[in-house]
Amino acid sequence: MRSIQTIILAFFILTIINTPLFAQGARPEEGGRITARIIDEVGGGAIEYANVVLHRVSDSTMVAGTVSDREGRIIFDKVAPGTYYLAIHFIGYEDAYQNSIHIRGTEELNLGDLHLKIVAIKMGEVEVNAERAPVEYQIDKKVINVDRQLTAASGTAVDALQNVPSVTVDLDGTVRLRGSGSFTVLIDGQPSALEASEALQQIPASSIQNIEIITNPSARYDPDGMAGIINVIMKKDAKTGTSGLFNLSAGTYDNYRGDFLLTMRKSAYSVYFGADYGKENQTGTEREERQFISPGSTLFNLSDGSSHRRHKSYGFRGGLELPITDRDNVNLGLRYGDRSHSHGSELDYEEYTVPESTRLSHLSIGDSRRGGAFYAVDLNYRHRFETPRHELSAQFALRHGDGEETSTDELLGLDRALVSGRSATEDGPGSRIQARVDYVLPFNETDKLEAGYQASMHDSKDITTLSEYNAATGVYDLLPQYGHSTDYYRDVQAMYSMYAMEIGDWGMQAGLRGEFTDRRVTLEDSAAEFSINRWDLFPSVHMSYGISATEQIMASYTRRIDRPRGWYLEPFLTWSDAFTVRRGNPDLKPEYIDSYELGFQTHLGSTLASAEVYHRATSNKVEFVRSVYRDNITLRTVENVGQEFSTGVELMFNANVENFWDVYLLGNLYDYRVEGELSGISFAEKRFTWNIRFNNTFSLAPTTVLQANASYNSPSVSAQGRTEGYVVVNAALRQEFFGKKLSAILDVSDILHTGKRESTAAGPDFTTWSYYLADGPMLTLTLRYSINNGNPDEEGKKPQRDNFGTEEF
């Protein structure tokens with residue numbers, strides 16, 4: 001262990017020591033330099049990974065090519081004296097050219113901001129302004145334009161993800177990234193104060209600018225999460241002056257949502273403030289059949305009835321961006337909110353034993369509620385050195401969330417008199433502090449070294465109680481033997497280093513991340529403690545080959561980890577409902593994931609096609625395991641069951657079939673295998689799984705857009721069961737008014753009312769079948785109003801611009 005620690009420390013020390021030596025070669029000595037920034041003409045935001053090619057005017061030969069970085073910047077170094085022009089290509093935007101670029105020696109020529117225009121589509125005599133492509137494929141991630149998801153306009157980030165590559169959303173709102181529910185959620189690159197699923201349900205889709213899907217993150221990112229990272233980029237208007245965006249929606253089944261964002265941007269600073277409120281309600285029908293098998297007999301437990309899921313939330317967010325100097329920026333972000341989730345059911349139960357016995361009937365009423373307040377504070381600092389792309393940044397993040405949960409299950413007789421009941425509570429706050437420092441040192445326009453340090457500390461408490469109904473007294477009595485208080489503490493110290501370079505048409509990036517984890521789980525009532533002190537290494541390799549300016553092959557490998565959640569480690573019983581009890585496993589090991597990807601993308605004009613082949617191997621596979629606790633009660637535990645393998649291909653096609661018709665087709669096909677041992681018995685499950693999504697957008701008029709999409713998810717398997725496939729069809733119509741300042745969106749979800757959830761599970765002494773169908777279809781109307789009041793004096797002083805927006809002299 002000490003030898004590994006010594007090697008890692010030496011690696012990072014050498015990185016820091018060598019930094020000043022490399023810095024001396026950061027500026028090329030021969031030829032001129034051309035710099036510029038690629039900017040979205042409408043939104044004013046930087047465009048990352050735009051293809052930029054430098055041509056010689058005399059014979060139009062290609063001299064060099066590059067892609068814009070995350071700030072939209074491009075650099076061409078060692079440019080021989082002569083006259084050149086630039087050609088810029090990016091999917092969803094018009095190709096653009098910058099002419100008459102003269103290099104006379106070793107000078108540096110800054111072309112300023114080069115603005116790209118969104119593609120315009122012509123229908124006869126009518127010109128329709130097209131929008132950004134729904135998905136932009138970049139070297140290490142996919143960027144989803146949420147405003148293109150009309151059917152998600154009235155919902156949350158979960159709804160926006162329903163038509164996103166690599167992501168599937170179950171009917172109960174469970175998000176999966178390439179078939180896995182284990183992933184990390186970031187908001188503007190920062191960890192959320194909430195669990196992944198809660199965080200996504202909390203964010204209004206109308207407040208989101210983009211969603212980034214990173215399935216193979218580099219060593220710079222946290223390695224947590226089996227399947228990768230979902231990074232939600234919130235809207236922050238980049239226009240000078242005061243601007244605002246207001247959204248209000250109302251739907252059937254008592255669904256409402258509203259939010260606003262106000263931004264004031266001046267030359268010396270910018271501030272923004274926003275708020276949101278949401279009330280979501282889903283009702284439906286559910287049925288379940290459980291069989292408990294024992295020698296000579298089988299006990300049947302059948303249920304049928306209605307259920308509801310409700311979610312309420314509100315939140316406030318604000319921020320300040322302050323340039324201290326021309327090279328130093330400080331950003332402060334604040335967020336506060338509260339949320340509550342509830343799940344209730346009223347089910348008719350029937351029990352009998354085969355051979356036939358007396359049938360018992362009763363009514364079960366269940367109600368569970370979870371919620372609490374949360375807040376987040378983010379402070380970011382960045383210093384840009386004189387050399388472009390040479391920078392130092394620091395981040396500090398504080399997260400805190402309260403958790404209060406109650407669940408009650410009561411059994412009533414046919415006369416609706418209370419027969420038995422249990423009431424459980426689970427309370428506890430959680431806090432996380434994260435600090436990191438990152439350094440980027442470019443050696444030239446293509447090669448750079450990155451290194452950084454990160455500390456992440458998480459502390460939480462969990463207090464559980466259980467009470468049981470006393471028929472004699474008519475009150476609930478506390479059961480002390482089921483009450484527990486648990487403290488969780490985790491401290492992760494990490495260092496990383498990456499080197500990126502280009503040789504001809506090849507691009508390479510290799511990195512290594514070292515982490516030390518100190519984790520302690522303490523049971524206060526028994527003084528028992530379960531601890532881990534462990535070093536882990538996480539390498540990453542990314543490679544790309546540019547076939548042409550519009551075609552690229554990419555390959556990558558990363559190693560990741562999925563750490564158990566707090567309650568997974570609780571070694572005591574907790575009642576979930578009248579017929580289900582759960583118990584954690586303090587000996588649970590983290591999952592380790594080796595992920596490989598090979599991708600190809602090409603675009604011709606406005607048509608984009610891509611294919612990604614991937615393989616993911618997971619050791620210490622964690623799954624929920626069911627067994628018989630006693631009589632008609634199911635015990636759910638969590639175990640390391642063995643290994644999991646997923647090998648598949650992800651396909652995407654986006655094209656304008658006609659001038660008014662845009663088609664977006666997604667497909668994910670993969671072979672899934674899980675094998676290991678359960679209760680001393682070896683098992684192996686295998687299934688070919690696939691899903692497909694077909695989205696059509698029709699530009700009916702310059703201010704009218706119709707969107708319809710359909711999705712199908714095939715059956716899938718787990719260590720103990722199978723989930724059936726289902727299909728869902730949605731549609732939305734958007735109409736804009738008053739110069740597109742006001743828009744109305746009418747959307748209908750689950751038009752065919754086919755969105756069911758059906759699953760089975762089986763073990764040596766039990767089988768379970770469950771079915772759920774939400775009420776539908778659901779109809780929602782959303783109104784969106786935007787304000788953009790730029791500074792009229794500044795607008796009047798702007799010079800004429802060419803197709804890039806650069807000044808003409």
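What you see is a predicted model, and the numbers here were worked out from it, not measured in a lab.

Here's the deal with the overall build of the protein
Inference 1: When you go through the protein residue by residue, the secondary structure sums to 4 helices and 48 strands.
Inference 2: Expressed as a percentage of its 809 residues, the buried residues of the protein come to 48%.
Inference 3: A fraction of 65% describes how many contacts in the protein between residues 6 or more apart in sequence connect residues 24 or more apart.
Inference 4: Surface accessibility of the protein: about 36,100 Å² in total, with carbon and sulfur atoms responsible for 55%.

A look at the pairing of strand 36 (residues 591-604)
Inference 1: Where strand 33 (residues 551-562) meets strand 36, 12 bridges bridge the pair, whose relative direction is antiparallel. Bridge assignment links tyrosine 557 to a residue of strand 36, and that residue is tyrosine 596.
Inference 2: Looking at chain direction, strand 36 and strand 37 (residues 607-630) are connected through 13 bridges and run antiparallel. Among the inter-strand pairings, glycine 599 is bridged to a residue of strand 37, identified as glutamate 612.

Description of a nonpolar patch on the surface
Inference 1: Nonpolar side chains collect at one region of the surface, where Tyr269, Leu320, Leu322, Leu332, Leu334, Leu379, Phe396, Ile433 and Met457 lie side by side and expose about 690 Å² of accessible area between them.
Inference 2: Going through the elements one at a time, strand 21 (297-323) and strand 22 (328-354) are the ones with two or more residues in the nonpolar patch.
Inference 3: Residue classification places phenylalanine 396 among the partly exposed residues on the basis of a relative accessible area of 36%.

Structural notes on the sheet that holds strand 3 (residues 62-67)
Inference 1: Across the sheet, 4 strands lie side by side as 3-2-5-6; this open sheet has antiparallel pairing. At either margin of the open sheet sits one strand with a lone partner, and together these are strand 3 and strand 6 (96-103). Each strand of the sheet is rotated relative to its neighbour by a mean of 20 degrees, with strand direction disregarded.
Inference 2: Alignment of strand 5 (residues 82-89) against strand 6, held across 6 bridges, turns out to be antiparallel. When the bridges of strand 6 are listed, isoleucine 88 appears paired with alanine 96.

Section: the pairing of strand 2 (residues 51-56)
Inference 1: Of all 6 residues in strand 2, 5 are buried; the element is thus mostly enclosed.
Inference 2: As defined by bridge partners, strand 2 adjoins strand 3 across 5 bridges and the pair is classed as antiparallel. Along strand 3, the bridge assignment pairs valine 53 with glycine 65.
Inference 3: Here 6 bridges tie strand 2 to strand 5, and the two strands are oriented antiparallel to one another. Within strand 5, the residue paired with leucine 54 across the bridge is leucine 86.

What to know about the packing of aromatic side chains
Inference 1: One pass over the structure, following the stated rule, counts 16 aromatic pairs.
Inference 2: Ring plane angle 45 degrees and centroid distance 4.8 Å describe the contact between tryptophan 506 and tyrosine 545, whose orientation is recorded as tilted. Taken together, the positions of tryptophan 506 in strand 31 (residues 506-523) and tyrosine 545 in strand 32 (residues 528-548) put the pair 39 residues apart, joining distant regions of the chain.
Inference 3: Each residue in the set Phe246, Phe260, Phe273, Tyr314 and Phe316 is aromatic and connected to the rest through ring pairs, giving one cluster.
Inference 4: When the ring centre of tyrosine 772 is taken as origin, the NZ or CZ atom of arginine 309, which lies over that ring, is 5.1 Å away.
Inference 5: The ring of tyrosine 352 carries the charged tip of arginine 359 above its face, separated from the ring centre by 4.0 Å.

Thoughts on the pattern of salt bridges
Inference 1: Per the counting criterion, the structure on display carries 33 salt bridges.
Inference 2: With its nearest N and O atoms 3.4 Å apart, the salt bridge here joins arginine 582 to glutamate 426. Of this pair, arginine 582 sits in strand 35 (residues 580-583) while glutamate 426 sits in strand 26 (residues 418-427), placing them 156 residues apart in sequence. Comparing arginine 582 with glutamate 426, the two get one shared label, buried.
Inference 3: A salt bridge links aspartate 487 to lysine 461; its shortest N-O distance comes to 2.7 Å.

Let's talk about the sheet that holds strand 7 (residues 108-116)
Inference 1: Across the sheet, 3 strands lie side by side as 4-1-7; this open sheet has mixed pairing. The open sheet has two edge strands with one neighbour each: strand 4 (73-79) and strand 7. Across the sheet, the mean angle from the axis of one strand to that of its neighbour is 15 degrees, orientation sign disregarded.
Inference 2: Pairing of strand 1 (residues 32-40) with strand 7 involves 7 bridges; the strand directions are parallel.

Remarks on the environment of alanine 555
Inference 1: Position of alanine 555 among the secondary structure elements: in strand 33.
Inference 2: Taking relative accessible area as the criterion, alanine 555 reaches 28% and is therefore assigned partly exposed.
Inference 3: Residues alanine 555 and glutamate 597 lie 42 residues apart in sequence; the distance between their C-alpha atoms is 5.4 Å.
Inference 4: The contacts of alanine 555, once residues within four sequence positions are left out, are Val541, His542, Met543, Glu597 and Leu598.

Some points on the nonpolar core
In globular proteins that are soluble, nonpolar side chains generally tend to be buried together.
Inference 1: Leu161, Val175, Leu200, Ile211 and Ile213 are the most contacted members of the largest nonpolar core, which has 25 residues in total.
Inference 2: Discounting chain neighbours no more than four positions away, the residues touching isoleucine 211 are Lys142, Val143, Ile144, Val146, Ala160, Leu161, Ile230 and Asn231.
Inference 3: Core analysis: the next-biggest nonpolar cluster, separate from the first, contains 21 residues, Ile34, Ile47, Leu86 and Tyr93 among them.

So, the side chain of arginine 290
Inference 1: Structurally, arginine 290 is set in strand 20 (residues 270-294).
Inference 2: In terms of polar contacts, arginine 290 uses its side chain to reach the side chain of threonine 634, at 3.3 Å.
Inference 3: Apart from the residues within four sequence positions on either side, arginine 290 is in contact with Leu299, Phe300, Asn301, Phe579, Thr580, Thr634, Thr767 and Thr768.

Some details on the environment of glutamine 209
Inference 1: You can see glutamine 209 is positioned in strand 16 (residues 208-214).
Inference 2: The spacing of glutamine 209 and isoleucine 144 is 65 residues in sequence and 8.7 Å in space, taken between C-alpha atoms.

Quick look at unusual backbone geometry
Inference 1: The linkage connecting valine 354 with the following residue, proline 355, adopts the cis geometry, with an omega of 5 degrees.
Inference 2: Note that the residue after glycine 776, namely proline 777, is joined by a cis bond; omega there is 0 degrees.
Inference 3: Summarising the element assignment, proline 777 is placed in the loop between strand 47 (766-774) and strand 48 (778-789).
Inference 4: Even without being glycine, serine 100 reaches a positive phi, approximately 55 degrees.

Side note on the environment of valine 649
Inference 1: Within the secondary structure, valine 649 is located in strand 38 (residues 633-658).
Inference 2: Considered as a pair, valine 649 and leucine 669 are 20 residues apart in the sequence and their alpha carbons are 5.5 Å apart.
Inference 3: The residues contacting valine 649, other than those within four sequence positions of it, are Glu612, Val613, Tyr614, Gly667, Asn668 and Leu669.

Overview of the confidence of the model for the protein
Note: predicted coordinates in regions of low pLDDT should not be interpreted at a detailed level.
Inference 1: Confidence in the prediction of the protein, expressed as mean pLDDT, is 82, and 87% of residues score 70 or more.
Inference 2: Segment residues 1-29: pLDDT under 50, and 36 contacts once partners within four positions in sequence are set aside and those in other chains are kept.
Inference 3: Segment residues 789-809: pLDDT under 50, and 33 contacts once partners within four positions in sequence are set aside and those in other chains are kept.

What counts, and at which threshold
Residues numbered from 1 in each chain as written. Predicted model: local features only at pLDDT ≥ 70, side-chain atom pairs only at ≥ 80, totals over all residues. Heavy atoms only, no water. Helix = DSSP H or I, 4+ residues; strand = E, 2+ residues; numbered from the N terminus. Buried < 20%, exposed > 50% of the residue type's maximum accessible area, 1.4 Å probe, protein only. Contact = heavy atoms within 4.5 Å. Areas by Shrake-Rupley, 256 points an atom, 1.4 Å probe, with all protein chains shown as cover. Pairing = 2+ DSSP bridges. Patch = residues over 30% accessible without salt bridge, like charges linked within 9 Å, V, L, I, M, F, W, Y side chains within 5 Å. Salt bridge = Lys/Arg side-chain N within 4 Å of Asp/Glu carboxyl O. Axes fitted to C-alpha atoms, helices over the stretch in contact; angles between N-to-C directions. Phe/Tyr/Trp six-rings, centres within 6.5 Å; stacked < 30°, edge-to-face > 60°. Lys NZ or Arg CZ within 6 Å of the ring centre and 35° of its normal. Core = buried A, V, L, I, M, F, W, Y, C linked by side-chain atoms within 4.5 Å. Polar contact = N/O pair within 3.5 Å; in protein donor to acceptor, adjacent residues only side chain to side chain. pLDDT = per-residue confidence, 0-100.

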